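Residue-level structure breakdown
Chain by chain, the residues run as shown.
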Amino acid sequence: LRRIEDIGPWESFFLGAGEELSRMSGRGRLFVAIERASREPMSLIRGGAISKAIEVMRADPVISIFLWPDVVEAMEQCTTEKQLLPAQAAIATEILLSYVAAADAELASADESIFTSLLPGEHSPGKNPTSLFFEYLRNAIGANSLQAFLDHPKAKKLSLDMSTIKRWSAGTHCPDLVWLRPVLKAFFSDASYSPIVNRYWGARYFSLIGYLAQTIVTKVQKQPVMSEQTMALRPWPNYPFGYSSCESWMQSRYPYWFEYHLMQREVLSDGSREKRPMGLFS
């Protein structure tokens, strides 16, 4: 048996929650696999052996799929653990995108993504994940306009007004579950109606990932070009895998991760789906 101190926080959490590691969802397996694979590199980094840590990460079958040439080059210029933080942040955003795709692969029917439609892009100019989520909700209800939403007979007893749903529709304010659940109860007779709730969490995650990445990019872009500060924040201002915008990064990388996790689902569970969504997607 491995010693208790060798078990990381994520694995400890899952074990404490009564999860069987061999039967966990793809998302849970992803986090545990990354945590286990990170143990040796982190030990090396804390001991000052950064070059050896990078070598181990590049050879590892789990961590290496989250690395790209620019982030590796940026890490190779680091001499202290603190200097690695920008590269770690870039890798973390890619891992979060992969995490959402893993949830998508578990929940997908007929191997078709349910979250891709929530990604901003050229197909939906000016819309963010929140506004795309509300558009899906409105279409599911059968309302072809905001006024039709409010005038629907099932909406009569809801405490909603036009200013509120305009904010939801514009994507400037994400509905809290306290507001969303009564809507689902009224229209679908189920306050936890999964086709909507799952997409709600997908939109929340996409918004979080985009916010994190864009916040860092904005900070870097305020620095003088090719200055010492800018070089220290590499691989930013590029997004993971060298993309120049948040939309192009998500639109390109998300389908890759979705297909990856579909294949992982087949390999790890002999084709059977995870029936019980876990954590924030429950």
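Residues numbered from 1 in each chain as written. Predicted model: local features only at pLDDT ≥ 70, side-chain atom pairs only at ≥ 80, totals over all residues. Heavy atoms only, no water.

**Re the confidence of the model for the protein**
Do not read the fine detail of predicted coordinates wherever pLDDT is low. Test applied: Within a predicted model, pLDDT stands for the predictor's per-residue confidence, ranging from 0 to 100. Throughout, a residue-residue contact means that at least one pair of heavy atoms, one from each residue, lies within 4.5 Å.
Taken residue by residue, the protein gives an average pLDDT of 88. The fraction at 70 or more is 88%. Within the model, the stretch residues 271-279 combines pLDDT values under 50 with 22 contacts to residues more than four positions away or in other chains.

**Observations regarding the side chain of Thr-93**
Just so we agree on the cut-off: Secondary structure is summarised from DSSP: a helix means a run of H or I of at least four residues, a strand means a run of E of at least two, and numbering begins at the N terminus for each.
Along the chain, the position of Thr-93 falls in helix α5 (residues 85-107). Apart from the residues within four sequence positions on either side, Thr-93 is in contact with Ile-209, Ala-213, Trp-236, Pro-240 and Trp-249.

**Structural notes on the packing of aromatic side chains**
As a reminder, the rule being used: Working definition: rings of Phe, Tyr and Trp (its six-membered ring) pair if their centres are within 6.5 Å, and the pair is stacked with planes under 30 degrees apart, edge-to-face with planes over 60 apart, and tilted otherwise. Buried means the residue's accessible area, taken with a 1.4 Å probe over protein chains only, is under 20% of the maximum for its type, while exposed means over 50%, and partly exposed covers the values in between.
Considering all chains together, one arrives at 15 aromatic pairs under this definition. Plain terms: the ring middles of Phe-31 and Tyr-99 are 4.9 Å apart, the flat faces sit at 15° to each other, and that makes the pair stacked. Here Phe-31 is found in helix α2 (residues 26-46), whereas its partner Tyr-99 is found in helix α5, with 68 residues between them in sequence. Residue class for Phe-31 comes out buried when judged on its relative accessible area of 14%.

**Considering unusual backbone geometry**
Following Arg-234, the chain continues into Pro-235 via a peptide bond in cis, with omega recorded as 15°. Here Pro-235 is to be found in the loop between α11 (228-232) and α12 (246-269). Cis geometry is adopted by the peptide bond preceding Pro-237, which originates at Trp-236 and carries an omega value of 15°. As for its placement among the helices and strands, Pro-237 is situated in the loop between α11 and α12. The residue Ser-189 is not glycine, and still its phi comes out positive at about 60°.

**As for the packing of α2 against helix α3 (residues 50-59)**
Counted only if it meets this: In this analysis an axis means a line fitted to C-alpha atoms, helices contributing only their contacting stretch, and an angle means the value between N-to-C directions, from 0 to 180 degrees. Every angle not falling under 35 degrees, over 145, or within 65 to 115 is termed oblique; those three ranges are roughly parallel, roughly antiparallel and roughly perpendicular. In this scheme, a crossing is called left-handed if the near helix is turned counterclockwise away from the far one by less than a right angle; it is called right-handed if the turn is clockwise. Any residue outside Ala, Val, Leu, Ile, Met, Phe, Trp, Tyr, Cys, Pro, Asp, Glu, Lys and Arg is labelled polar, Gly included; the first ten of those are nonpolar and the last four are charged.
Taken N-terminus to C-terminus, the directions of α2 and α3 make an angle of 170°; their axes are 7 Å apart at the nearest point. Here α2 is positioned roughly antiparallel relative to α3, judged by the angle of their axes. Handedness of the crossing formed by α2 with α3: left-handed. In contact with Glu-40, Pro-41, Leu-44 and Ile-45 of α2, α3 contributes Ile-50, Lys-52, Ala-53, Val-56 and Met-57. Counted by class, the contact of α2 with α3 contains seven nonpolar, no polar and two charged residues.

**Quick word on a nonpolar patch on the surface**
Put simply, the test is: Without a salt bridge and with relative accessible area above 30%, a residue can belong to a patch; like charges are then joined within 9 Å and nonpolar side chains (Val, Leu, Ile, Met, Phe, Trp, Tyr) within 5 Å. With residues, only the protein chains shown are counted as cover, and all accessible areas are computed by Shrake-Rupley using a 1.4 Å probe. Each salt bridge in this description consists of a side-chain nitrogen of Lys or Arg and a carboxyl oxygen of Asp or Glu lying within 4 Å of one another.
Residues Leu-208, Tyr-211 and Leu-212 make up a contiguous nonpolar surface patch of roughly 290 Å² in combined accessible area. Considering the arrangement of structural elements, one finds Leu-212 in helix α10 (residues 194-221). A residue is classified by how much of its surface remains accessible, and Leu-212, at 34% relative accessible area, is partly exposed.

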